[in-house]
Amino acid sequence: MTPNATPIGQTLIHLGLISKDQLHIALREQGRSGEILGRHLSVFYPADEVVLGTADDVPLIRQLIAELAEYERLADAAVATDDDLREQLFGAHPAAEVLIGEVDGEAAGFALFFHNFSTFVGKAGIYLEDLFVKKEHRGKGYGKALFQKIAQIAVERNCGRFEWACLNWNQP
């Protein structure tokens, strides 16, 4: 256990997304304990940009979802339309949020996440539903960049946890 690290900080260290030294530097530079501030994570992003998706991105988001479904051998199950995504992601009561990783102005991948709640911790958490990187961009750290950005958001929003599940056959 690293002193003064939040559960999210411990998770980032455990996953190898940051080192204990990087965590300690971030804590020391901020003069704060128990937190990793988001701007320190940004130095690890290989993508040109990791941005929150907007309603204008719906066709791109749908395309990326279709590519994810193809990768997961579930192409027939991906039936969401642009209208469905626009309403559910950017309507009056958004159900989830989307990050898009861009390289040289082109989408390299996306991550879709939403808030859940821990009754034991008494805080909201984040659940990562989908993380997908296009084939030509795999193995270059773009998935890691999307993952780190969600971790940064979880820290900034004072979430009690960050959860995800991965298919046991998933490989780059």
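The structure presented is a predicted model; accordingly, all values stated were derived computationally and were not measured.

In this structure the tally under the stated criterion is six aromatic pairs. Judged by centre distance (5.5 Å) and plane angle (35 degrees), the ring pair of Phe 114 and Tyr 127 falls under tilted. Residue Phe 114 is found in strand E3 (residues 106-118), and its partner Tyr 127 is found in strand E4 (residues 123-133); the two are separated by 13 residues along the sequence. The class for Tyr 127 is partly exposed, based on a relative accessible area of 23%. Taken together through their ring pairs, the aromatic side chains of Tyr 71, Phe 132 and Trp 169 make up a single cluster. Lying across the ring of Trp 169, Arg 73 places its NZ or CZ 4.2 Å from the centre.

A word on helix H4 (residues 58-71). Spanning 14 residues, H4 covers 20 Å between terminal C-alpha atoms, matching the ideal 20 Å at 1.5 Å per step. Those residues of H4 that sit buried are Val 58, Ile 61, Leu 64, Ile 65, Leu 68 and Ala 69. The buried residues of H4 occupy an angular sector of 145 degrees when the element is viewed end-on, so they sit on one face. Where the residues of H4 are buried, they touch helix H5 (82-90), strand E2 (97-103), E3 and E4. Looking one or two residues past H4, Arg 73 carries a phi angle of roughly 60 degrees, positive in sign.

This part covers helix H6 (residues 142-156). Spanning 15 residues, H6 covers 21 Å between terminal C-alpha atoms, matching the ideal 21 Å at 1.5 Å per step. Here H6 lies mainly inside the structure; 13 of its 15 residues are buried. Immediately downstream of H6, the backbone of Asn 158 shows phi near 55 degrees, a positive value.

Bringing the sheet that holds strand E5 (residues 162-164) into the picture now. Spatially, five strands are ordered E1-E2-E3-E4-E5 in an open sheet, and the strand pairing comes out mixed. Each edge of the sheet is formed by a strand with only one pairing partner; in this case those strands are strand E1 (49-52) and E5. The average undirected angle you get between the axes of adjacent strands in this sheet is 30 degrees. With ten bridges connecting them, E3 and E4 associate as antiparallel partners. For Gly 109, the partnering residue across the bridge sits in E4 and is Val 133. Relative to the sheet, H4 contacts E2, E3 and E4, its axis offset from that of E3 by approximately 85 degrees.

A separate point is the side chain of Asn 116. Examined against the element boundaries, Asn 116 turns out to sit in strand E3. Overall, Asn 116 belongs to the buried group, its relative accessible area being 19%. Polar contacts involving the side chain of Asn 116 include one to the side chain of Glu 163, which spans 3.0 Å. Residues within four places of Asn 116 in sequence aside, it is in contact with Ala 124, Gly 125, Ile 126, Tyr 127, Arg 161 and Glu 163.

Here we take up unusual backbone geometry. Peptide bonds are trans in most cases, and residues, glycine excluded, mostly fall at negative phi. Non-glycine residue Arg 73 carries a positive phi angle of around 60 degrees. Inspection of the secondary structure assignment puts Arg 73 in the loop between H4 and H5. Of note in the backbone geometry, Asp 104 takes a positive phi value of approximately 50 degrees without being a glycine. Relative to the helices and strands, Asp 104 is located in the loop between E2 and E3.

So, on to the packing of H4 against H5. Relative orientation of the contacting elements H4 and H5 amounts to 105 degrees, with a least axis distance of 9 Å. In terms of orientation, H4 and H5 fall into the roughly perpendicular class. For the pair formed by H4 and H5, the contact residues are Val 58, Pro 59, Ile 61, Arg 62 and Ile 65 on the first element and Asp 82, Leu 85, Arg 86, Leu 89 and Phe 90 on the second. For the contact of H4 with H5, the residue count by class is seven nonpolar, no polar and three charged.

Cut-offs applied
- Residues numbered from 1 in each chain as written.
- Predicted model: local features only at pLDDT ≥ 70, side-chain atom pairs only at ≥ 80, totals over all residues.
- Heavy atoms only, no water.
- Phe/Tyr/Trp six-rings, centres within 6.5 Å; stacked < 30°, edge-to-face > 60°.
- Helix = DSSP H or I, 4+ residues; strand = E, 2+ residues; numbered from the N terminus.
- Buried < 20%, exposed > 50% of the residue type's maximum accessible area, 1.4 Å probe, protein only.
- Lys NZ or Arg CZ within 6 Å of the ring centre and 35° of its normal.
- Expected span 1.5 Å × (residues − 1).
- Arc of directions from axis to C-beta.
- Contact = heavy atoms within 4.5 Å.
- Pairing = 2+ DSSP bridges.
- Axes fitted to C-alpha atoms, helices over the stretch in contact; angles between N-to-C directions.
- Polar contact = N/O pair within 3.5 Å; in protein donor to acceptor, adjacent residues only side chain to side chain.
- Parallel < 35°, antiparallel > 145°, perpendicular 65-115°, else oblique.
- Nonpolar A, V, L, I, M, F, W, Y, C, P; charged D, E, K, R; others polar.

Such coordinate-based values are descriptive only and should not be taken to indicate function.
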